[in-house]
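# Chains, contacts and geometry: an overview
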Amino acid sequence: MRVVGTQLALQIAILAVVFTGTGRADDVQAKIGYCKDCHGPSAQGYRGFFPIPRLAGQQPEYLENQLRAFIEHRRTNNIMFNVAHTLSPGMIAALAAQFRQLNPKPIGGAPKQLVATGKKIFEDGMPDINIAACAACHGPDATGSGQIPRLAGQLYPYVIKELTNWGKERGQNPAKPDTSAIMSPVAHSLNKSQIEAVAAFVSSLN
Amino acid sequence: MQVTPSQGRPRRIIKVGLLLALLSAILATVCAGAGRAEDTHTAAVSQRDVQAKLTYCEVCHGPSARGFVGYYPIPRLAGQQPEYLTNQLQAFVERRRVNPIMFSVGHVLSPAMIAGLAANFHDLNPKPLGGAPKELVPAGKKIFEEGIPAANVPACASCHGPEAKGNGPFPRLAGQLFDYVSNKLTNWDKERGQNPAKPDTSAIMEPIAHGLTAPQIKAVAAYLSYLE
């Protein structure tokens, strides 16, 4: 009885170190390997049953915000909730820093004929129908900044899915509005062909 | 059958009379509409269109136009002087002030829409975004109120007002973003006054922006960013 108690105590102690600390290097590597199972060998994204987004080169502040949004069900995705709610704050920060450093080529595959239109919408917006220029916030190279995500090299079907379903997936807690509210009028005002054009353009960016 | 002049005149009078009646009816409708609008300048643009355009501006300029730090710092427009806003939009359109995004935004706006937007922005009053280093504020307050006589920099308050609320063509600075003010003062002549053949009010600030050192710019920007 005493031996079992000591073993249990030891196991609890190990778990406590792993989950409350700043994330030991090998734990972070193990976790990143796990993320890459779905998000691709260099986190370039993956077209599985669902389009799984590129995380490579992503803004750490944005990544951390999204993980928190998944955990708090402000952004609904059961798989990502399961993944995220076991992560300690230290682990989240370490993962975000690692993803930032990755820089694989974009997967590509979007219809090339849409790219020119998408570039125009991205750079100039469509002011006569109140569509803002994406570049104003996401930057001219779509690399993002701070809480604003990088879009460069993001998967074509993923961007389409997000823009089309913005209000169904994000900002799901009206009592706790978050930064997803910024994109709501933009996503709403784009029609299907504009969404596809913009998605094609950003997916082609390196 | 030929219409003789004496027979044709009554018909012409009727035709002209009908035309005048039609024109009067149209004019009356338009003027009645103008009377209902808050300001005769906005008569040609509907409130619904102005609201839609405002929502669009706020995508970049932030909720209640308080400003937003995107890839670039996007300035606060809330509480801004309408004359200054109008001047800047005109400067963007005429490329006297160079900003490709604001050119794109500005050149589709009618004068009535600009007036409607400027009036609406002026009435917004959200809290400042904040975030500047607080330790710089006292030095910034001193520069704002007293200027830097040794560098021929006048007190900002002398034109922008003691509370930095601005007046007419002089912009409100109260609550403006720290990063935005810092950038603008640092890069004044790279963005504004870009047509030497058409000098504009931006010329006033050129020697002032030039006369401030980088730490002084940051101090003033920090002070202004907290003012309500």
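Scroll up a little and you will see the structure.
Analysis parameters
Residues numbered from 1 in each chain as written. Chains lettered and ligands numbered in written order. Predicted model: local features only at pLDDT ≥ 70, side-chain atom pairs only at ≥ 80, totals over all residues. Contact = placed C-beta atoms within 7 Å. Helix = DSSP H or I, 4+ residues; strand = E, 2+ residues; numbered from the N terminus. Nonpolar A, V, L, I, M, F, W, Y, C, P; charged D, E, K, R; others polar. Expected span 1.5 Å × (residues − 1). Axes fitted to C-alpha atoms, helices over the stretch in contact; angles between N-to-C directions. Parallel < 35°, antiparallel > 145°, perpendicular 65-115°, else oblique. Left-handed = near helix turned anticlockwise from the far one by under 90°. Core = buried A, V, L, I, M, F, W, Y, C linked by C-beta atoms within 7 Å. Buried ≥ 20, exposed ≤ 12 C-beta atoms within 10 Å, placed from the backbone.

For the rest of this paragraph, the subject is the interface of chain A and chain B. Counting residues at the interface gives 18 residues for chain A, matched by 14 residues for chain B. Elements with a contribution of two residues or more to the side of chain A that touches chain B: helix 7 (135–138) and helix 10 (180–189) of chain A. In terms of residue count, the dominant contributor to the side of chain A that touches chain B is helix 7 of chain A (four residues). Considering only residue class, the side of chain A that touches chain B consists of ten nonpolar, six polar and two charged.

Turning our eyes to something else, we now look at helix 3 (residues 82–93) of chain B. An α-helical turn contains 3.6 residues, so a residue and the one three or four places further along point in the same direction. All names here are of chain B. The end-to-end C-alpha separation of helix 3 is 17 Å, in line with the 16 Å expected for twelve residues at 1.5 Å each. Of the surrounding elements, those touching the buried residues of helix 3 are helix 4 (100–106) and helix 5 (111–123). At the C-terminal side of helix 3, Arg95 shows a positive phi close to 55°.

Bringing the packing of helix 8 (residues 156–164) of chain A against helix 11 (residues 192–204) of chain A into the picture now. Residue and element names in this part refer to chain A. Remark: helix 8 packs on helix 11, axes separated minimally by 8 Å, with the N-to-C direction vectors making an angle of 140°. As summarised for this structure, helix 8 and helix 11 are arranged oblique, according to the angle between their axes. Crossing angle aside, the handedness with which helix 8 passes helix 11 is right-handed. In this structure, helix 8 contributes Tyr156, Val159, Ile160, Leu163 and Thr164 to the contact, and helix 11 contributes Ile195, Glu196, Ala199, Ala200, Val202 and Ser203.

Here the focus is helix 2 (residues 25–39) of chain A. Taking 1.5 Å as the rise per residue, helix 2 of chain A with 15 residues should run 21 Å; its terminal C-alpha atoms sit 20 Å apart, in good agreement. Just past helix 2 of chain A, the residue Gly40(A) takes up positive phi, approximately 100°.

Our next topic: the packing of helix 8 (residues 178–186) of chain B against helix 11 (residues 214–226) of chain B. Residues and elements named next belong to chain B. The contact between helix 8 and helix 11 brings their axes to 8 Å, and the two run at 145°. In the packing of helix 8 onto helix 11, the handedness of the crossing is right-handed. Across from Phe178, Val181, Ser182, Leu185 and Thr186 in helix 8, the residues of helix 11 making contact are Ile217, Lys218, Ala221, Ala222, Leu224 and Ser225. Tallied by class, the residues present in the contact of helix 8 with helix 11 amount to seven nonpolar, three polar and one charged.

So, on to the environment of Leu67(A). Residues and elements named next belong to chain A. Structurally, Leu67 is set in helix 3 (residues 60–71). Once the C-alpha coordinates of Leu67 and His85 are considered, the two residues, 18 residues apart in sequence, prove to be 8.3 Å apart. The contact partners of Leu67, leaving out residues within four places of it in the chain, are Ala84, Leu87 and Ile92.

Mapping Ala197(B) onto the fold places it in the loop between helix 9 (188–191) and helix 10 (206–211). Sequence-wise, Ala197(B) and Phe144(B) are 53 residues apart; in three dimensions their C-alpha atoms are separated by 32 Å.

In this section: the nonpolar core. For soluble globular proteins, the rule of thumb is that nonpolar side chains tend to be buried together. Residues and elements named next belong to chain A. Core analysis: the largest hydrophobic core is formed by 49 residues, its most contacted members being Ala136, Val198 and Val202. Examining the composition of this core, we find that six residues originate from one element, helix 11, more than from any other. Once you skip the residues sitting within four places of it in the chain, Val198 turns out to touch Gly118, Ile121, Phe122 and Cys134.

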